[in-house]
Each structure stands twice: as structure tokens, then as C-alpha cells.
Amino acid sequence: MSNNHIIQMLDERPFDNLSNYEVERAESHIRECDECRSAFDAARIASTLLTARSRQTAEVPPFFNTRVLAAIRERQLTADGPALLKLWRAAGALISAMALVLVVLTGMTIFSRNSLAPVPQLSASHNLYSAEYVVLRSGDVDEDEMANDQVLDTVYDLEDDDGQ
Amino acid sequence: MKPIRSDTLSIEIEQASDLELVNLARDGDERAFEEILRRYSPKVFRVAGRFFHQQAAIEDAAQEAFLKAYTQLSSFEGRGSLEGWLGRITANQCINMLRSAKRRPESTVSDLTDRDDSWLDYQMSGDSTDRFQSSERGRDAADLAEKVLNELSPEDRLVVMSIDGEQVPVKDVAEMTGWSESKVKVRAFRARRRLREAVEKLLEHRRSPVHEKG
């Protein structure tokens, strides 16, 4: 049995899976080979260490599930935060412009109400032939009314007729 | 990530299949995911325990694995087992944690204590009828194992801990890692050699005059 053969055998499968025959052959070989003895001892100790290490099992703590569920909720909250920020970045300018227009319109409405003088109200019983109405409408000429020249012509025509 | 909600279900959560639980949890049902936690926390802790020795580190890794599983529920199609899927997520999570943090190992072979020396003396005496003698000896061995395992890469550590330490079948390790079975065997061969060399280094270090002075 060569040195390489033993080392190859040690690395091929777990030490605990070596058959009794293989172990006996290895033990007879390592009496004459220091290099293989060192490898064999190391493989045996490594196997023992791994077994001891795998016996140390971690227990699930009592409130582990609660802790995980709380962590999920927390991450959802932090994940929602940036989503709102992205929405604001995308539509923030539009929303700001709309808000500004609304403020301006509101301001203009209030200002115009305060600045306009009250409109004089005509009396419901006003007379179209009253002195007030005549004064107010003095500049206007009704289509049905005669012009001053026509009135004078008519007056003079009547005087002529009387003279004759 | 869909929001969690709690509502009444027509089916009994505890009797639901894994796939039903995944579908319910995917729709935001909190009780379904809580049931997944209840069923598979021990398995996830066992996988994380192959990478980390301290309880706090194992808990952190397990929690991160479940958080990742929750966000990736839509990718679980039910072709493989939920247990295998969670084991794979946990293994990847632990490997990433070890790599990204580039954390200093909790201890190395150069940090041998008197208890380590004592345990090695006992092992080298040739009396292996009782490997651990007592639970205290077992703890010493586990601590020393951690120092040796810290000399390996996370992948080597997973393979050698699973196959040699816990007798996990190669097929299950392949499912957990996403590797082919032949790749797992090759990886195990190399990992075993590195572990053996690390122990030889440990034995040499123990015999060295510097260590004797220390």
C-alpha cells in the first residue's frame, strides 16, 4: 500500500465510513510510514471534531417567529417610504402647480369682492317718464322719437298753416 | 413585498400543505407564514449552525434567511420541497454573510488554549473508546472544531459539516447548494483534504517550541 493510496482513501469518504478492513490495512501501513501516520491521525481527529461540532445544535428561541414577523413589517414600512418619495418626485411639480393656481384663484376672488363698489339699484317703481329717467337718458335718442330738426320743422309747418 | 394581513381562513392552517401555505403567505396571510416559520425554523437553524457557532450569529442568519424567503415566495413553484428551498436560501445567506462581512474568524488554530491542548493530548494518547468522555469534553471538542473549520471556505465548511459531520446524503447537499451530485463529491474530497491539512497544522503548532513556551 503506497502513501498516496492511504491519503487518497482518507480524502475520498468520511473517516467514519471506512470499513474495518480498510482501517486495519491503514493501521498496518502507518507503522512503517510517518507521513501516512500523520495524515491518518489528522483524519481521525478531524472526524471526531466534526462529530462533536455537529452535536452542538442551536435551539430556536421562544419568540423567534414573533421577531421575524416584526422584522417583515418593519421592512415593509421602510420599503413603502421610498415608494411615496418616488411618487412625490414624479408628480410633485404638477401637484405644486395645481396648488399654486388654486391659491391664486382664491386670492383673486377675495380681492375682487372687496374692491368693487356697490352697483346703484334702480327703484322697482321707477317711471320711464320721470325727471330722473329723462336726465339719465338725456343723451340717448329713441328711434321712435323725432330729432330736434324734425320737431322744429313740424312746429314751423303748423305756424305756416295757421298764418295762411 | 405584499403587506401582511391577518384574517380568518376557510382551511385549517396547521393541516395545509406547504404549497398551500406558500400561496396564502404570498397573498399576505400572516398566519400561513407563521406556520412556515413553525415548521421549518429548526431546519433553518440547523443549516445556519453549520456556518456559525455563536447562538446570536445563527439567529441573525436564520432571520435574514426567512426575510429573504418571504420576499421571494413568488419564485417558489413547488417543484422541489419547501424544506430544500429554505435550506438553499439559508446556505446562500450564510455564505454571503461570511463573504461580505469578511469577518475575522471567531477563533483560529493559532489561538489554542490549555483546554485544546488537553483534548488533543487525550486524542493522541490512543485511547479512543470514549471520544468525548463528558459533555465538557464535547464542548471543548466543538470549540476546537470551530477553530479548524474557520480555516476553510464557507462552501467547504458546509460540505464537510453536512456530509462528514451530520451524515447528510450527497443528494440533499446537492439540493441545498444547487450543485450537481458529482460536484458535491469533488468539493467534499477537496474540503476533507483541507480539513485534514488544517488539523495537521494544528498538531504541528501544538508540538512547536514557540507554543510550548507560550
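The model shown is predicted, which means the values in this text are computed figures rather than measured ones.

(A) Region of interest: the overall build of chain A. The number of helices and strands found in chain A is six helices and zero strands. Shown N-terminal to C-terminal, the secondary structure of chain A runs as helices and strands in the order α-α-α-α-α-α.

(B) Focus on the overall build of chain B. In terms of helices and strands, chain B carries 10 helices and zero strands. Seen in sequence order, chain B has helices and strands lined up from the N terminus as α-α-α-α-α-α-α-α-α-α. Looking at chain B residue by residue over its 214 residues, the buried ones come to 35%. Taking all contacts inside chain B whose residues are at least 6 apart in sequence as the whole, residues at least 24 apart take part in 69%.

(C) Highlighting helix α8 (residues 170-177) of chain B. By the burial criterion, the buried members of α8(B) are B:Val173, B:Met176 and B:Thr177. Along the axis of α8(B), the buried residues cluster in a sector spanning 85°; they form a single face.

(D) Highlighting the confidence of the model for chain B. When the pLDDT values of chain B are averaged, the result is 85; 82% of them are 70 or greater. For this predicted complex, the interface score ipTM comes out at 0.81, alongside a pTM of 0.69.

(E) The interface of chain B and chain A, seen in detail. Across the boundary between the two partners, chain B contributes 45 residues, which contact 36 residues of chain A. Counting residues per element, the ones that place at least two in the side of chain B that touches chain A are α2 (30-49), α3 (55-71), α5 (114-124), α6 (135-149), α7 (154-165) and α9 (181-207) of chain B. When residues in the side of chain B that touches chain A are grouped by element, the largest group, nine residues, is from α2(B). Residues that form the side of chain B that touches chain A fall into these classes: 25 nonpolar, seven polar and 13 charged.

(F) Representation of the packing of helix α3 (residues 34-55) of chain A against α7(B) in the model. Running from amino to carboxyl end, α3(A) crosses α7(B) at an angle of 90°, the nearest separation of the two axes being 9 Å. Considering their axes alone, α3(A) and α7(B) lie roughly perpendicular with respect to each other. Along its contact with α3(A), which presents A:Ser47, A:Leu50, A:Thr51, A:Arg53 and A:Ser54, the element α7(B) presents B:Val160, B:Met161, B:Asp164 and B:Gly165. Here the contact of α3(A) with α7(B) is built from residues that sort into three nonpolar, four polar and two charged.

(G) Broad picture of the environment of A:Ala26. Residue and element names in this part refer to chain A. Relative to the helices and strands, alanine 26 is located in helix α2 (residues 20-30). A C-alpha to C-alpha distance of 8.5 Å links alanine 26 and cysteine 36, two positions 10 residues apart in sequence. Discounting chain neighbours no more than four positions away, the residues touching alanine 26 are Ile6 and Phe40.

(H) Structural view of the nonpolar core. With 67 residues, the main nonpolar core has A:Leu49, B:Val44, B:Ala48 and B:Val148 as its most contacted residues. Element by element, the count of residues in this core is highest for α3(A), at 10 residues. The contact partners of B:Ala48, leaving out residues within four places of it in the chain, are B:Ile58, B:Ala61, B:Ala62, B:Thr90 and B:Cys94.

(I) Examining the environment of B:Phe66 more closely. Looking at where B:Phe66 falls in the secondary structure, it is placed in helix α3. Overall, B:Phe66 belongs to the buried group, with 27 C-beta atoms counted inside 10 Å. For the pair formed by B:Phe66 and B:Thr90, sequence separation is 24 residues and the distance between their alpha carbons is 7.9 Å. Ignoring sequence-local partners within four residues, the contact set of B:Phe66 consists of A:Val68, B:Leu37 and B:Val44.

(J) Structural context of unusual backbone geometry. Residue and element names in this part refer to chain B. Its identity is not glycine, yet glutamine 167 carries a phi of approximately 60°, on the positive side. By the secondary structure assignment, glutamine 167 is in the loop between α7 and α8. For glutamine 167, a count of 12 C-beta atoms within 10 Å puts it in the exposed group.

(K) Geometry of the confidence of the model for chain A. In the predicted model, chain A carries a mean pLDDT of 78, and 66% of its residues have values of at least 70. Per-element confidence in chain A ranges from a low mean pLDDT of 58 for helix α5 (residues 131-136) of chain A to a high of 92 for α3(A).

(L) The arrangement of the packing of helix α1 (residues 18-26) of chain B against α2(B) in detail. Residue and element names in this part refer to chain B. The N-to-C vectors of α1 and α2 enclose an angle of 135°; their axes lie 7 Å apart at closest approach. Considering their axes alone, α1 and α2 lie oblique with respect to each other. Considering only the axes of α1 and α2, their crossing is left-handed. Seen from α1, the contacting residues are Leu21, Leu24 and Ala25; seen from α2, they are Ala32, Phe33, Glu35 and Ile36.

(M) Spotlight on the environment of B:Arg26. All names here are of chain B. Locating arginine 26 in the fold gives a position in helix α1. Classification of arginine 26 as partly exposed rests on a count of 15 C-beta atoms within 10 Å. Taking C-alpha positions, arginine 26 is 8.7 Å from threonine 71, a pair spaced 45 residues apart along the chain. Excluding its chain neighbours within four sequence positions, the residues that come into contact with arginine 26 are Leu73 and Ser74.

Quick notes on the rules
- Residues numbered from 1 in each chain as written.
- Chains lettered and ligands numbered in written order.
- Predicted model: local features only at pLDDT ≥ 70, side-chain atom pairs only at ≥ 80, totals over all residues.
- Helix = DSSP H or I, 4+ residues; strand = E, 2+ residues; numbered from the N terminus.
- Buried ≥ 20, exposed ≤ 12 C-beta atoms within 10 Å, placed from the backbone.
- Contact = placed C-beta atoms within 7 Å.
- Arc of directions from axis to C-beta.
- pLDDT = per-residue confidence, 0-100.
- Nonpolar A, V, L, I, M, F, W, Y, C, P; charged D, E, K, R; others polar.
- Axes fitted to C-alpha atoms, helices over the stretch in contact; angles between N-to-C directions.
- Parallel < 35°, antiparallel > 145°, perpendicular 65-115°, else oblique.
- Core = buried A, V, L, I, M, F, W, Y, C linked by C-beta atoms within 7 Å.
- Left-handed = near helix turned anticlockwise from the far one by under 90°.

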